[in-house]
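Each chain, letter by letter, is given below.
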Amino acid sequence: MNFTLSEEHSMIRKMVRDFAEKEVAPSAAERDEEERFDSGIFHKMAELGLTGIPWPEAYGGIGSDYLAYCVAIEELSRVCASTGVTLSAHTSLASWPIYAFGTEEQKKKYLKPLAQGKKIGAYALTEPGSGSDAASLKTTAHRDGASFVLNGSKVFITNGGVADLYIVFAKAEEGMTAFIVEKQFNGFSTGKKEKKMGIRSSPTTEIIFDNCRVPVENVLGEIGSGFKIAMKTLDGGRNGIAAQAVGIAQGALDAALSYARERRQFGKPIMANQGISFKLADMATSVEAARLLTYQAAWLESEGLPYGKASAMSKLMAGDTAMYVTTEAVQIFGGYGYTKDYPVERFMRDAKITQIYEGTQEIQRLVISRFLST
Ligand SMILES: Cc1cc2nc3c(=O)[nH]c(=O)nc-3n(C[C@H](O)[C@H](O)[C@H](O)COP(=O)(O)OP(=O)(O)OC[C@H]3O[C@@H](n4cnc5c(N)ncnc54)[C@H](O)[C@@H]3O)c2cc1C
């Protein structure tokens, strides 16, 4: 057993940290305030190869693995969780299912431009009446000659409106089916954009299918196998969200630590109080534990070993850690932590979503308990 990152993984961490600090961090607070997605940041990530980390070079990727991908998401989220989730949804939720279930033609036509960052991807499963109970979705797909005709709507779609391609789940006669939908297909449109508590520079929108015609060759995997594809996709996606949560927690810990060393009360730095230094010790320990679970799940996936239980555990642990650590970070900053003069209030707002999307914490417990009882 070896707990050190390889040279390749360490290089990727350094490269992404440099990029995150120079190109992402300076505008993070402003983009959050203005709820503004910055396509320029996405294009710069593409130039660095970050939009295709785990995919083979033949499909436009850089031929690395899921651990490298998690390290990248962590480093981006350490300064801007919105940028972290943009890349996470693009990679885990849109590109992965094409890589895992797509035909050779679909990989060339769709995975390659996604991996190269020439196109942005999204994943559309959730509907107004169907969240945790994804199997109850209502969007329909009726076969009509060489096409399927989709009707219905999806809500809370990350990268909604800015994505070029959507992995869409709809009910066909044979059961739930996955489709690759291009934004320019007739009958596809973007609806309401959500105003959110956190990850505000990541657009989250409704998408609408009004007799949207999708060619049969854009069915992903077998007709009727959509539920399996949706769930398998979330298994890996969860680990990306765990990495996002670890990054948010690390960002908050770093900020709280440097503030505690500087801020003086009662004639000494607040760090000199055991009440504060023990808080920081607990926070640092939790971040490290969450990181280890996250890297373990990513390693299992990279090695081709079962990772469903590990990724549910990593997301559960890391999401709760992010919420706990960011809340304590605000506490360490006192009144200043409650203002927008420091990044910890943004980290705290951003942390909350990691307990909700890609399966709430309650659903992670359901997944884990099923593994325990089989
Ligand atoms: C910012 C944001 C981005 C998102 N991005 C995407 C995306 O890109 N694509 C996409 O498809 N979806 C996306 N989602 C949707 C997200 O995955 C769902 O919101 C989430 O799965 C929960 O579904 P719900 O909101 O309908 O809550 P519900 O399922 O209605 O749950 C409400 C509450 O009940 C609990 N609950 C439900 N069932 C059970 C149960 N069996 N046992 C115990 N507790 C239960 C839940 O844990 C929760 O606390 C996003 C959501 C947000 C807010």
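First things first, this report covers the structure right here in the doc.

Calculation criteria
Residues numbered from 1 in each chain as written. Predicted model: local features only at pLDDT ≥ 70, side-chain atom pairs only at ≥ 80, totals over all residues. Heavy atoms only, no water. Helix = DSSP H or I, 4+ residues; strand = E, 2+ residues; numbered from the N terminus. Rg over C-alpha atoms; globule rule 2.2 N^0.38 Å. Buried < 20%, exposed > 50% of the residue type's maximum accessible area, 1.4 Å probe, protein only. Contact = heavy atoms within 4.5 Å. Areas by Shrake-Rupley, 256 points an atom, 1.4 Å probe, with all protein chains shown as cover. Lys, Arg positive; Asp, Glu negative; His and termini not counted. Charge placed at Lys NZ, Arg CZ, Asp CG, Glu CD. Pairing = 2+ DSSP bridges. Axes fitted to C-alpha atoms, helices over the stretch in contact; angles between N-to-C directions. Parallel < 35°, antiparallel > 145°, perpendicular 65-115°, else oblique. Left-handed = near helix turned anticlockwise from the far one by under 90°. Nonpolar A, V, L, I, M, F, W, Y, C, P; charged D, E, K, R; others polar. Near = heavy atom within 4 Å. Polar contact = N/O pair within 3.5 Å; in protein donor to acceptor, adjacent residues only side chain to side chain. Domains from an automatic or database assignment. Salt bridge = Lys/Arg side-chain N within 4 Å of Asp/Glu carboxyl O.

### Some thoughts on the overall build of the protein chain
Then, in step 1: Helix and strand counts for the protein chain stand at ten helices and ten strands.
Then, in step 2: The C-alpha radius of gyration of the protein chain comes to 21 Å, within 12% of the 21 Å expected for a compact globule of 374 residues.
Then, in step 3: The C-alpha extent of the protein chain, read off along each of the three principal axes, is 80 × 45 × 45 Å.
Then, in step 4: With 374 residues in all, the protein chain has 56% of them scored as buried.
Then, in step 5: Here the analysis covers contacts within the protein chain between residues at least 6 apart in sequence; of these, 74% occur between residues at least 24 apart.
Then, in step 6: About 16,100 Å² of surface is accessible on the protein chain, with carbon and sulfur atoms providing 55% of the total.
Then, in step 7: Of the charged side chains in the protein chain, 42 are positive and 44 negative; the average position of the first set lies 3 Å away from that of the second.

### Examining the pairing of strand E4 (residues 165-172)
Then, in step 1: Counting buried residues in E4 gives seven out of eight residues, a clear majority hidden from the surface.
Then, in step 2: As paired strands, strand E1 (residues 121-124) and E4 are joined by four bridges and run parallel to one another. Following the sheet pairing, Ala-122 is matched in E4 by Tyr-166.
Then, in step 3: Here eight bridges tie E4 to strand E5 (residues 175-182), and the two strands are oriented antiparallel to one another. When the bridges of E5 are listed, Leu-165 appears paired with Glu-182.
Then, in step 4: A loop of two residues connects E4 with E5, the two strands running antiparallel in sequence.

### With respect to the packing of helix H6 (residues 226-262) against helix H9 (residues 344-353)
A pair of packed helices is captured by two measures, namely the crossing angle of their axes and the spacing between those axes.
Then, in step 1: Between H6 and H9, the shortest axis-to-axis distance is 10 Å and the interhelical angle comes to 155 degrees. Between H6 and H9, the angle falls in the class roughly antiparallel. Considering the relative orientation of H6 and H9, their crossing is left-handed. In this structure, H6 uses Ile-248, Gly-251, Ala-252 and Ala-255 to contact H9, whose residues at the interface are Val-344, Phe-347, Asp-350 and Ala-351.
Then, in step 2: Taken together, the residues of the contact of H6 with H9 sort by class into six nonpolar, one polar and one charged.

### Comments concerning the site of the ligand
Then, in step 1: Close to the ligand lie 18 residues; Thr-126, Ser-132, Phe-156, Thr-360 and Glu-362 are nearest.
Then, in step 2: Tyr-123 is positioned such that a nitrogen or oxygen atom in its backbone is 2.8 Å from a nitrogen atom of the ligand.
Then, in step 3: A distance of 2.6 Å is found between an oxygen atom of the ligand and a side-chain nitrogen or oxygen belonging to Ser-132.
Then, in step 4: Those elements that provide at least two residues to the shell around the ligand are E1 and strand E3 (147-158).
Then, in step 5: Broken down by element, the shell around the ligand gets its largest block of residues, three residues, from E3.
Then, in step 6: When grouped by side-chain class, the residues that make up the shell around the ligand number nine nonpolar, six polar and three charged.
Then, in step 7: Residues from two domains meet in the shell around the ligand; each of domain 2 (121-226) and domain 3 (227-372) gives at least three.

### Here's the deal with the pattern of salt bridges
Side-chain pairs of opposite charge can arise whenever the charged atoms involved come near each other.
Then, in step 1: In total, this model carries 27 salt bridges according to the counting rule given.
Then, in step 2: For Glu-21, the salt bridge identified is with Arg-78, shortest N-O distance 3.1 Å. Of this pair, Glu-21 sits in helix H1 (residues 7-34) while Arg-78 sits in helix H3 (residues 66-79); the two residues are 57 residues apart in sequence, bridging distant segments of the chain.
Then, in step 3: Take Glu-21: its relative accessible area is 39%, and that puts it in the partly exposed class.
Then, in step 4: Exposure remark for Arg-78: the relative accessible area of 14% places this residue in the buried category.
Then, in step 5: Between Glu-34 and Arg-36 there is a salt bridge, and its shortest N-O distance comes to 2.8 Å.
Then, in step 6: On the basis of relative accessible area, Arg-36 is assigned to the partly exposed category, the value being 29%.
Then, in step 7: What emerges from the salt-bridge pattern is a single network uniting Arg-13, Arg-17, Glu-21, Glu-74, Glu-75, Arg-78, Asp-254, Glu-288 and Arg-291.

### Some words on H9
Then, in step 1: Of all the ten residues making up H9, seven are buried; the element is thus mostly covered by neighbouring parts of the structure.
Then, in step 2: Taken together, the buried positions of H9 are Val-344, Glu-345, Arg-346, Phe-347, Arg-349, Asp-350 and Ala-351.
Then, in step 3: Contacts made by the buried residues of H9 are with H1, H3, helix H4 (81-101), H6 and helix H8 (308-332).

### Observations concerning the side chain of Ser-64
Then, in step 1: Mapping Ser-64 onto the fold places it in the loop between helix H2 (39-47) and H3.
Then, in step 2: Here the side chain of Ser-64 touches Glu-8 through a polar contact of 2.5 Å, side chain to side chain.
Then, in step 3: Setting aside residues no more than four positions away along its own chain, Ser-64 makes contact with Glu-8, Ile-12, Ile-53 and Pro-54.

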